[in-house]
Amino acid sequence: MPTSFSTYAPAKVNLFLHVGPVKPNGRHELDSLVVFAGPEAADRLTVEPSDSLTLSVTGPGADEAGTGADNLVLKAARALQAEAGIRHGAALHLEKSLPVAAGIGGGSADAAAALRLLTRLWDINPRHARNVAPQLGGDVPVALLGQPAFMRGEGERVTPVRLPAPIPAILFNPGIACPTGPVFAAFDAAGGGADFTECGPLPDFADLGGLVGWLAGQRNDLEAPALALHPALKSPERTLNGPKSPLMTRMSGSGATFVCLYETLDAARESAEFLKAQQPEAWVRATLLGGAIL
């Protein structure tokens, strides 16, 4: 039997995000079509047997992620340990490549990866991971599922969907931290959510063009408050004056990462290279959205 397990924890992308008014518990009703990037836009987590729970973190985002008790990987491990009645621990190592406070669910992806790997390492029923996922944050249940899905309720209602094909895209983060809490607070202060409705089932599109056309009629309700809080945020469309124009550009989650959709992966890669040359300080990745996490 293997003595260690490893998996990637990819960026989460909200292709649209409708947000309801704030509830008495401080949370919001959500309606979002969520997809995941490929391994080129991901963290990586490895677990090994150990008598106690430990976490080490390396990579470009190591300092921001930290190894303290508030790291979602440790929170997930401890919650799963308690739920399943496990006495032994695990040594976890996170290679942190995704930007933090970026609207792409990096912490939630890491937590979901921990739940999946520890389920294997400890040889326990996967239902334990499903039980604890909603306690860890609104994005963790959909990240645990790890495939295209509608995310609804407070994030606990997850329904898989079928896309016509993987979606070529670039993810662009200008290096501006955009914490979720202040963005939701600005959304609430502006009276956001009054027009909230769930969009219904995903139509059965024959091709990518049909999906993109449908997405154009949706929105991200957190984009306006994020841009108001961070005026320096600029969509990559302002810089992408190269030969390949995106089919659609939208902010993911509470920002500050934008997703640009393209007809082909070659077009996405060409645009990513162009954007990197224009803004070398930015985090830019060309990827395919919509695959399943293995």
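Scroll up for the structure.
Criteria and cut-off values
Residues numbered from 1 in each chain as written. Predicted model: local features only at pLDDT ≥ 70, side-chain atom pairs only at ≥ 80, totals over all residues. Heavy atoms only, no water. Helix = DSSP H or I, 4+ residues; strand = E, 2+ residues; numbered from the N terminus. Buried < 20%, exposed > 50% of the residue type's maximum accessible area, 1.4 Å probe, protein only. Contact = heavy atoms within 4.5 Å. Salt bridge = Lys/Arg side-chain N within 4 Å of Asp/Glu carboxyl O. Pairing = 2+ DSSP bridges. Phe/Tyr/Trp six-rings, centres within 6.5 Å; stacked < 30°, edge-to-face > 60°. Lys NZ or Arg CZ within 6 Å of the ring centre and 35° of its normal.

Student: Help me get a handle on the side chain of Thr 119, residues and values and all.
Tutor: With respect to the helices, strands and loops of the structure, Thr 119 is situated in helix α3 (residues 106–121). For Thr 119, a relative accessible area of 10% translates into the label buried. Among residues more than four places away in sequence, those in contact with Thr 119 are Leu 80, Ile 124, Asn 125, Pro 126 and Ala 129.

Student: Outline the pattern of salt bridges, supporting the account with residue identities and numerical values.
Tutor: Enumeration according to the criterion identifies 12 salt bridges in this entry. With a closest N to O distance of 2.9 Å, Asp 110 and Lys 96 form a salt bridge. With Asp 110 in helix α3 and Lys 96 in the loop between β6 (89–95) and α3, this residue pair connects regions lying 14 residues apart in the sequence. The buried category is assigned to Asp 110, whose relative accessible area is 3%. In this structure, Arg 157 engages Glu 198 in a salt bridge whose closest nitrogen and oxygen atoms are separated by 3.1 Å. Separated by 41 residues along the polypeptide, Arg 157 in strand β8 (residues 157–160) and Glu 198 in the loop between α6 (180–189) and α7 (208–215) bring together distant segments of the chain. Among the ionic contacts, a cluster of salt bridges with common partners joins Lys 23, Arg 27, Glu 29 and Glu 154.

Student: Explain the pairing of β6 residue by residue, including any values.
Tutor: Across seven bridges, the pairing between strand β4 (residues 42–50) and β6 is antiparallel. Across the sheet, the residue bridging to Glu 48 is Ala 91, located in β6. Relative to β6, strand β5 (residues 53–58) is paired through six bridges, and the arrangement is parallel. Paired with Val 57 across the strands is Leu 94, a residue of β6.

Student: Can you break down the packing of aromatic side chains residue by residue, with the values?
Tutor: Summed over all chains, the structure comprises three aromatic pairs. Consider the rings of Phe 205 and Trp 214, whose centres lie 6.1 Å apart with planes at 50°: the pair is tilted. Through pairs of rings, three or more aromatic residues link up here, namely Phe 16, Phe 150, Phe 205 and Trp 214. One Lys or Arg, Arg 152, reaches over the ring of Phe 150 and ends 4.0 Å from the middle of that ring.

These results come straight from atomic positions and should not be treated as a statement about function.
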